[in-house]
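Per-entry structural report
Here is how the chains run, residue by residue.
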Amino acid sequence: MTLSLKELTAEADRCVACGLCLPHCPTYRKTGSEADSPRGRIQLIRAVSQDILPNNARFKEHIDLCLSCRSCESACPNSVNYGALVDTTRALYIQKKSLWLTLAKPFIRHRYLSQAITWPLWLMSKLNLIRVLKRVMPAAKLLPTIQKPMVWQSIYPTTQTTQGAVSLGAVSLFLGCATNAFDNRTLRASIYVLNTLGYDVHIPNAQTCCGSIARQAGDDIEANKLIKRNAESFNTAMPILSTASGCGAGLKDYLTTHRIEDISTFLVTCDWSKAEVAPLQERIYVQDPCSLRNVLKAQKAVYDLLKKIPGADVQALPGNSQCCGGAGAYSVTQPEMANQLLNDKLAAIMANQVTILATSNIGCSLHLSRGLESAHVSAHVMHPVEIIAKQMGFDA
Ligand code: SF4
Ligand code: SF4
């Protein structure tokens, strides 16, 4: 939610400066600076909103370094709405102008434009030319493995294999700009599991990005445009399922006319009595995305879903309460802090000899996969739905 200036000051005033949120803040833990803590940021926001301090480069720096992970919000005994405070502050005072975001905007907004890039990238990866591209263009090192782009049908009717002849219901699937461009396998796996459990899956063609990246950059106008387009694209009678908790959180906060659910939350409520799930005698570590934990508050569903796989030993990755540094476009805009946080995750992955890491946010998944590749660690980062889909016969 974005606030008016008056509401911003009033919300900031609700912070009683107890400091209970400080140990939960990843940036404060790294810098040790009060100005990089939630309490410090709230005091700065209040001072700038009342013209006591100027909206200068130092203020912007401290707000920019915030991951919007909202761990502080979960820890706050006074329920201060930090998410609304930081979103509003970015919209009113930051409005980050960066070449990267300006160039990315049309690709984020229009799926056909992002596909115009992913098709040639996919062909290059097939011809083993991505390695050459990475050598001549350092920015290409951020590129994940490119999957063959998809042209989606508007509806995937249930296959009725486990639930008899009748469809149990219909859901809408949110594609998400990054998931659609870089991880359509998770989307295909989601359709497979939903169809197998008896649900028709609708994919409205006019849907677009959730707006979170624009909002993080303080571009409220663009973010609200994207939300409006999604509001017009999706049917209010069906739940919108998101495979990326970052998108789910952005939609839940701003697309208030629709029912938004993380896909794992929806799947655990389905009837699994006739579903055939092959055993997997492996330990699966779960990394909780901040958006799933602190905004959607649905992290438990991922563990419950994976526990439906016979033989799977499902464990939380130690240090789960701290952000991995993925955080939307954060790894591009704040690479130093993003890498510090990533290194903590890599240390936990190596210390626990993780082979399968489940995470349900595309931002975390891309950031962690890139870190593992650079460190030459062979753990597989997978979406929980992809893991269970494979045990149900999904052939990626
Ligand atoms: S959102 Fe995260 S990084 Fe930002 S102040 Fe809160 S805990 Fe710290
Ligand atoms: S826990 Fe809440 S009230 Fe206490 S300092 Fe943090 S934001 Fe303010």
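In this report, the structure presented in the accompanying data block is examined.

Notes on the nonpolar core
With 45 residues, the main nonpolar core has Val 193, Leu 194, Leu 197, Leu 267, Trp 272, Leu 306 and Ile 387 as its most contacted residues. Those elements that provide at least two residues to this core are β2 (169-174), α11 (184-196), β3 (199-202), α15 (263-268), β6 (283-286), α17 (299-306), β8 (356-358) and α21 (384-391). When residues of this core are assigned to their parent elements, the largest contribution, 5 residues, is made by α11. Taken domain by domain, this core gets at least three of its residues from each of domain 3 (155-268) and domain 4 (283-391). Counting 23 residues, the second largest nonpolar core, distinct from the first, contains Ala 12, Cys 21, Ile 45 and Ala 84.

A look at helix α19 (residues 335-351)
Taking 1.5 Å per residue as the helical rise, α19 with its 17 residues ought to reach 24 Å, and the 24 Å between its terminal C-alpha atoms agrees with that figure. Inspection of α19 places Met 337, Ala 338, Leu 341, Leu 342, Lys 345, Leu 346, Ala 348 and Ile 349 among the buried residues, and these make up the whole buried set. Among the structural elements, α2 (26-31), α18 (330-333), β8 and α20 (362-374) are those in contact with the buried residues of α19. Just downstream of α19, Gln 353 is the residue with a positive phi angle, here 50°.

Points about the packing of α19 against α20
Remark: α19 packs on α20, axes separated minimally by 10 Å, with the N-to-C direction vectors making an angle of 70°. The angle between α19 and α20 falls in the class roughly perpendicular. Like other packed secondary-structure pairs, α19 and α20 cross with a definite hand, here right-handed. Across the interface between the two elements, Ala 338, Asn 339, Leu 342, Lys 345, Leu 346 and Ile 349 from α19 touch His 367, Leu 368, Arg 370, Gly 371 and Leu 372 from α20. Looking at the contact of α19 with α20 residue by residue, the class counts come to 6 nonpolar, 3 polar and 2 charged.

A look at the site of ligand 2
Close to ligand 2 lie Cys 15, Val 16, Ala 17, Cys 18, Gly 19, Cys 21, Arg 39, Ile 42, Cys 76 and Pro 77. A class-by-class count of the residues in the shell around ligand 2 yields 8 nonpolar, 1 polar and 1 charged.

Some thoughts on the environment of Thr 27
Among the secondary structure elements, Thr 27 is positioned in helix α2. Looking at Thr 27, the relative accessible area reads 1%, which means it is buried. The spacing of Thr 27 and Met 337 is 310 residues in sequence and 7.7 Å in space, taken between C-alpha atoms. Excluding residues within four positions of it along the chain, Thr 27 makes contact with Gly 32, Asp 36, Arg 41, Leu 65, Leu 67, Tyr 330 and Met 337.

The rules behind these values
Residues numbered from 1 in each chain as written. Chains lettered and ligands numbered in written order. Predicted model: local features only at pLDDT ≥ 70, side-chain atom pairs only at ≥ 80, totals over all residues. Heavy atoms only, no water. Core = buried A, V, L, I, M, F, W, Y, C linked by side-chain atoms within 4.5 Å. Buried < 20%, exposed > 50% of the residue type's maximum accessible area, 1.4 Å probe, protein only. Helix = DSSP H or I, 4+ residues; strand = E, 2+ residues; numbered from the N terminus. Domains from an automatic or database assignment. Expected span 1.5 Å × (residues − 1). Contact = heavy atoms within 4.5 Å. Axes fitted to C-alpha atoms, helices over the stretch in contact; angles between N-to-C directions. Parallel < 35°, antiparallel > 145°, perpendicular 65-115°, else oblique. Left-handed = near helix turned anticlockwise from the far one by under 90°. Nonpolar A, V, L, I, M, F, W, Y, C, P; charged D, E, K, R; others polar. Near = heavy atom within 4 Å.

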